[in-house]
Amino acid sequence: MSMLTPPGMGGKYRITGDKYPRMRRGRPRSRIVLAVVASLAVLGVLGWGSLQLVHVFTGGDKAKAAGSGPAGCTKRPSASPGATKPADGKLPGPAQIKVNVLNATPRGGLAKDTADELKKRGFTIGDVGNADKTYDKKVKGVAILLGAKTATEAALPMLGTQLAGAEQKTDGRAKATEVDLIIGTGFKSLTAKPAADKALHALTQPKPAPSSSPSCA
């Protein structure tokens, strides 16, 4: 009788051998959960990739590209019309600009004193005296700088560096290098020479803007 046979049992119920019957263990739940999570992750990646392909082929970035030009390129604003250079690209020196200094205020001696200071700063002086009836005692601001339409490219902004706050106007004269400085009741003095020299230097020799990105068309 085998040791595995219970007492009192025999015949066909006899258990022979020296091994216990074994049952197969079921799969752990953790493996099933892991398999489900992995499947969901794969599906998510595939879905995201499909969405990107649709976005590219349907031109989803056209609106952004239209506003910024070529990739990595940003358009810069154009320079101020009052500071543009003449057609030949050269600005005249102060000595090449003839300034007529005219006093439109009741205060005496302003035109002469202002003309003397401008002469020291290198400008050529023309007429010095009182303003005509068009402007006499009618200029409420600091001053009016009056010149030809082409003077807006050089002479007017250059003279403007010497007198901050002056209004620039144009008339029908022909010479672009001859301008009038009409002193108004708000005038106190010319801009301090160090500040005026710095502004004039920046106007005549502007620093090129650094650019590391592609140029815009």
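Cut-offs used in this document
- Residues numbered from 1 in each chain as written.
- Predicted model: local features only at pLDDT ≥ 70, side-chain atom pairs only at ≥ 80, totals over all residues.
- Heavy atoms only, no water.
- Salt bridge = Lys/Arg side-chain N within 4 Å of Asp/Glu carboxyl O.
- Helix = DSSP H or I, 4+ residues; strand = E, 2+ residues; numbered from the N terminus.
- Buried < 20%, exposed > 50% of the residue type's maximum accessible area, 1.4 Å probe, protein only.
- Arc of directions from axis to C-beta.
- Contact = heavy atoms within 4.5 Å.
- Pairing = 2+ DSSP bridges.
- Axes fitted to C-alpha atoms, helices over the stretch in contact; angles between N-to-C directions.
- Core = buried A, V, L, I, M, F, W, Y, C linked by side-chain atoms within 4.5 Å.
- pLDDT = per-residue confidence, 0-100.
- Right-handed = clockwise from strand over helix to strand, strands pointing away.

(A) Highlighting the pattern of salt bridges. Summed over the entire model, instances satisfying the criterion amount to six salt bridges. The salt bridge partner of Lys112 is Asp116, with a shortest N-O separation of 3.1 Å. Residue Lys112 and its partner Asp116 are located together in helix H3 (residues 110-120), separated by four residues, close to a single helical turn. The partner of Arg173 in a salt bridge is Asp180, and the shortest N-O contact between them spans 2.8 Å.

(B) Structural context of H3. If you check which residues of H3 are buried, you get Leu110, Ala111, Thr114, Ala115 and Leu118. Buried residues of H3, seen end-on, are gathered within an arc of 120° and therefore sit on one face of the element. Of the exposed residues in H3, those oriented more than 90 degrees away from the buried face are Lys112, Asp113, Lys119 and Lys120. Those residues of H3 that are buried are in contact with strand S1 (98-103), strand S2 (124-130), helix H4 (155-160) and strand S5 (178-183). Two residues or fewer past H3, Gly122 is found with a positive phi of approximately 105°.

(C) Up close: the environment of Leu146. Looking at where Leu146 falls in the secondary structure, it is placed in strand S3 (residues 143-148). On the basis of relative accessibility, which here comes to 7%, the residue Leu146 falls in the buried class. Along the chain, Leu146 and Lys169 lie 23 residues apart, while their C-alpha atoms are 4.9 Å from each other. Discounting residues that sit within four places of it in the chain, Leu146 has contacts with Tyr135, Leu156, Lys169, Thr170, Asp171, Arg173, Val179, Asp180 and Ile182.

(D) Molecular detail of the sheet that holds S2. The strand order across the open sheet formed by five strands is S2-S1-S5-S3-S4, and the pairing between neighbours is mixed. Among the strands making up the open sheet, the edge pair consists of S2 and strand S4 (167-171). Between one strand axis and the next, the sheet turns by 20° as a mean value, whatever way the strands run. Note that S1 and S2 share five bridges and pair parallel. Within S2, the residue paired with Val101 across the bridge is Val128.

(E) Spatial organisation of the nonpolar core. If you look at the biggest cluster of nonpolar residues, it comprises 24 residues, and the most contacted ones within it are Val99, Val101, Leu118, Leu159, Val179 and Leu181. At the level of secondary structure, the elements contributing two or more residues to this core comprise S1, H3, S3, H4, S5 and helix H5 (193-204). Not counting the four nearest positions on each side in its chain, Val99 is found in contact with Leu118, Phe123, Thr124, Ile125, Gly126, Asp127, Leu159, Val179 and Leu181.

(F) How the structure looks around the confidence of the model for the chain. Taken residue by residue, the chain gives an average pLDDT of 77. The fraction at 70 or more is 57%. Scored below 50 in pLDDT, residues 62-84 makes 21 contacts in the model with residues more than four places away or belonging to other chains.

(G) The pairing of S3, seen in detail. Burial runs high along S3: six of the six residues are buried. Where S3 and S5 come together, four bridges link them in antiparallel fashion. If you follow Leu145 over to S5, its bridge partner there is Leu181. Read as a crossover between parallel neighbours, the route from S3 over H4 to S4 is right-handed.

(H) Broad picture of the environment of Ala174. Among the structural elements, Ala174 can be located in the loop between S4 and S5. In this structure, the C-alpha to C-alpha distance between Ala174 and Ala151, residues 23 residues apart in sequence, is 9.5 Å.

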